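Understanding the architecture of this molecule
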Amino acid sequence: MKYDYLVVGCGLYGSVFARMATDKGKKVLIIEKRNHIAGNAYTEKIEGIYVHKYGPHIFHTNNRQVWNYINRFIEFNRYTNTPVVNYNGEIYSLPFNMFTFNKMWGCVTPDDAKKIIEQQKKQIKTEPKNLEEQAISLVGKDIFEKLIKGYTEKQWGRSCKELPAFIIKRLPVRFTYDNNYFNALYQGIPIGGYTKLVENILDGIEVKLNEDYLKNKAYYNSIANKIIYTGAIDAYFDYKFGTLQYRTVHFENEILDIPNFQGNAIVNYTDSQTKWTRIIEHKWFQFGKDEQDNVLSKTIISREFSKEWDRQDEPYYPVNDEKNNNLYLKYKELADKEKNIFFGGRLGEYKYYDMDKVMESALNFAEKELN
């Protein structure tokens, strides 16, 4: 049987493209090397709680087209991302806002906070050259030392002086009492979990799990006219120029026989002594209740640890420094020469995408490819 499209990878990019192609009358097969759909957005129901198996995913977007599209497949709850910071037992609000400034310095008015930050920013006299200088130029030295430095260095495994400034350029800083982390018009979590969302997107589309495209490339290329590849671009070319770097994370999960562990879905640990970067308490993504609105008596937590990636790990965050970006461009040059094989998604494009941007990219590509 010949397919019009073989989609490699069953995350959001591959699933959205497959849906668009199928709706245009194309015959599509998706293959996925893992044993589940939904990629890193995969959620698993345990004790009535939808556990985000690869870390917290909060859908947020300002793109009305993307929001309207995804709401065709599932209803979203009204979850708003309001993480908090634990620095050696001191609790602060994220994003940095008037609650943060009041706790840090006792400020009551925006003008008080601005004066302190402006004074502390003066030590950065030129264009910020690294993440440390960029952070201090945004929020001052006190907040950098307590709430950014330790967390960031654990997450990236590098000194803030070695990290590029752009990583933190979009850091939200507000002189209002607003704890909503995202500047997004639309925000929430799918009711029933992300796995259910992707199941609905894939309704009627053929999916094969536990299938490794790279181990049987010639066969898979022979059964489809075109390939949509969402795996790692360097792996596709057998690491010809070397390996692109990522950071990866792993989780220590616990089911606790208590109703409430930390009172919030996400708590970041910003001191350097605590080994984990954050603790996720999954039940709060659904307000501590099941789908029948019953209060959940147990809770599930995940301690998240960051480390350098190697090839047997799941890649999470591309290390988009100059060296890796230049290496990616070499692979992209090869990819552009491939016939009837298209590279997309965060691994195929070596880019850290939010979920809405993954969907936007897939929708835009599908529009061009299918019309």
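The structure contained in this document is the topic of the report that follows. Only a predicted model underlies this, so the values are computations on that prediction, with no experimental measurement involved. (Residues numbered from 1 in each chain as written. Predicted model: local features only at pLDDT ≥ 70, side-chain atom pairs only at ≥ 80, totals over all residues. Heavy atoms only, no water.)

1. Some thoughts on the overall build of the protein
Assigned secondary structure in the protein consists of 12 helices and 16 strands. A globule of 371 residues ought to have a C-alpha radius of gyration of about 21 Å, and the protein, at 22 Å, matches this closely. Taken along the three principal axes of its C-alpha coordinates, the protein extends 70 × 55 × 35 Å. Counting the 371 residues in the protein, one finds 56% classified as buried. Of the roughly 17500 Å² of accessible surface on the protein, a fraction of 47% belongs to carbon and sulfur atoms. Side-chain charges in the protein split into 52 positive and 49 negative, and the spacing between the mean points of these groups amounts to 3 Å. (Helix = DSSP H or I, 4+ residues; strand = E, 2+ residues; numbered from the N terminus. Rg over C-alpha atoms; globule rule 2.2 N^0.38 Å. Buried < 20%, exposed > 50% of the residue type's maximum accessible area, 1.4 Å probe, protein only. Areas by Shrake-Rupley, 256 points an atom, 1.4 Å probe, with all protein chains shown as cover. Lys, Arg positive; Asp, Glu negative; His and termini not counted. Charge placed at Lys NZ, Arg CZ, Asp CG, Glu CD.)

2. Observations regarding the side chain of Glu-133
Positionally, Glu-133 belongs in helix α5 (residues 131-139). When residues no more than four places from it in sequence are discounted, the contact partners of Glu-133 are Ile-124, Glu-127 and Pro-128. (Contact = heavy atoms within 4.5 Å.)

3. So, the layout of surface pockets
Any space left empty among the atoms is revealed by the rolling of a water-sized probe across them. Each pocket or cavity is described by its volume, and for the second largest pocket that value is around 270 Å³. Considering the residues around the second largest pocket, the lining is formed by 17 residues, among which Asn-77, Ile-191, Gln-286, Lys-289 and Asp-290 are closest to the centre. Its residues placed into classes, the lining of the second largest pocket shows seven nonpolar, six polar and four charged. (1 Å grid on protein atoms, 1.4 Å probe; cavity = no way out; pocket = protein on both sides within 12 Å on 5 of 7 lines; lining within 4 Å. Points joined across faces, edges and corners; volume = space filled by probe spheres on them. Nonpolar A, V, L, I, M, F, W, Y, C, P; charged D, E, K, R; others polar.)

4. Considerations on the packing of aromatic side chains
Taken as a whole and assessed by the stated rule, the structure comprises 33 aromatic pairs. A ring pair is formed by Tyr-79 and Phe-285, whose centres lie 5.2 Å apart and whose planes are at 65°; its orientation type is edge-to-face. With Tyr-79 in the loop between α2 (64-70) and β6 (84-87) and Phe-285 in the loop between β13 (278-281) and β14 (299-308), this residue pair connects regions lying 206 residues apart in the sequence. For the pair shown, Tyr-79 and Phe-285 are each scored as buried. Considering the side-chain rings of Tyr-79 and Phe-287, the 6.5 Å spacing of their centres and the 45° angle between planes classify their relative orientation as tilted. Note that Tyr-79 is positioned in the loop between α2 and β6 and Phe-287 in the loop between β13 and β14, a separation of 208 residues in sequence. When its relative accessible area of 32% is taken as the criterion, Phe-287 is described as partly exposed. Ring-pair connections join several aromatic residues into one group, and the members of that group are Tyr-213, Tyr-219, Tyr-220, Tyr-229, Tyr-236, Phe-237, Phe-241, Tyr-331 and Phe-343. One residue, Arg-34, lies across the ring of Tyr-54, its end atom 4.7 Å from the ring centre. Lying across the ring of Trp-276, Arg-303 places its NZ or CZ 5.0 Å from the centre. (Phe/Tyr/Trp six-rings, centres within 6.5 Å; stacked < 30°, edge-to-face > 60°. Lys NZ or Arg CZ within 6 Å of the ring centre and 35° of its normal.)

5. With respect to the packing of helix α4 (residues 110-121) against α5
Look at α4 against α5: their axes get within 7 Å of each other, and the N-to-C directions meet at 145°. Residues Ile-117, Gln-120 and Lys-121 of α4 form the contact with α5, whose participating residues are Ile-136, Ser-137, Leu-138 and Val-139. Tallied by class, residues from the contact of α4 with α5 come to four nonpolar, two polar and one charged. (Axes fitted to C-alpha atoms, helices over the stretch in contact; angles between N-to-C directions.)

6. Notes on the sheet that holds strand β10 (residues 224-229)
The strand order across the open sheet formed by five strands is β9-β2-β1-β10-β16, and the pairing between neighbours is parallel. Unpaired on one side and paired on the other, β9 (206-209) and β16 (341-343) mark the two borders of the sheet. For this sheet, the mean angle separating the axes of adjacent strands, direction not counted, is 20°. Bridge count for strand β1 (residues 3-8) against β10 is five bridges, and the pairing is parallel. Residue pairing in the sheet places Tyr-5 in a bridge with Lys-226 of β10. Sitting on the sheet, helix α1 (residues 12-23) is in contact with β1, β2 (28-32) and β10, with an inclination near 165° to β2. (Pairing = 2+ DSSP bridges.)

7. With respect to a nonpolar patch on the surface
Taken together, the side chains of Phe-99, Val-108 and Tyr-177 make up a nonpolar region of the molecular surface, amounting to roughly 310 Å² of accessible area. If you trace the backbone, Val-108 turns up in the loop between α3 (98-105) and α4. (Patch = residues over 30% accessible without salt bridge, like charges linked within 9 Å, V, L, I, M, F, W, Y side chains within 5 Å. Salt bridge = Lys/Arg side-chain N within 4 Å of Asp/Glu carboxyl O.)

8. Some thoughts on α1
Compared with an ideal rise of 1.5 Å per residue, which puts 12 residues at 16 Å, α1 spans 16 Å between its outermost C-alpha atoms and is within 8% of the ideal. Turning to α1, its buried residues are Leu-12, Tyr-13, Gly-14, Ser-15, Val-16, Phe-17, Ala-18, Arg-19, Met-20 and Ala-21. A positive backbone phi angle near 90° is found at Gly-25, which sits one or two residues after α1. (Expected span 1.5 Å × (residues − 1).)

9. Here we look at the side chain of Asp-234
By the element assignment, Asp-234 lies in helix α9 (residues 233-236). One buried charged side chain, Asp-234, makes no salt bridge at all; its nearest oppositely charged neighbour is Arg-311, positioned 6.6 Å away.

10. Section: the pattern of salt bridges
Enumeration according to the criterion identifies 26 salt bridges in this entry. For Glu-291, the salt bridge is made with Lys-45, and the minimal N-O distance between the two is 3.1 Å. Of this pair, Glu-291 sits in the loop between β13 and β14 while Lys-45 sits in strand β3 (residues 43-46), placing them 246 residues apart in sequence. Lys-45 sits in the partly exposed class, given a relative accessible area of 48%. For Glu-153, the salt bridge identified is with Lys-149, shortest N-O distance 3.4 Å. Note that Glu-153 and Lys-149 are positioned in helix α6 (residues 141-156) at a spacing of four residues, about one turn of the helix. Each of Glu-32, Arg-34, Glu-314 and Arg-346 takes part in a single network of salt bridges with overlapping partners.

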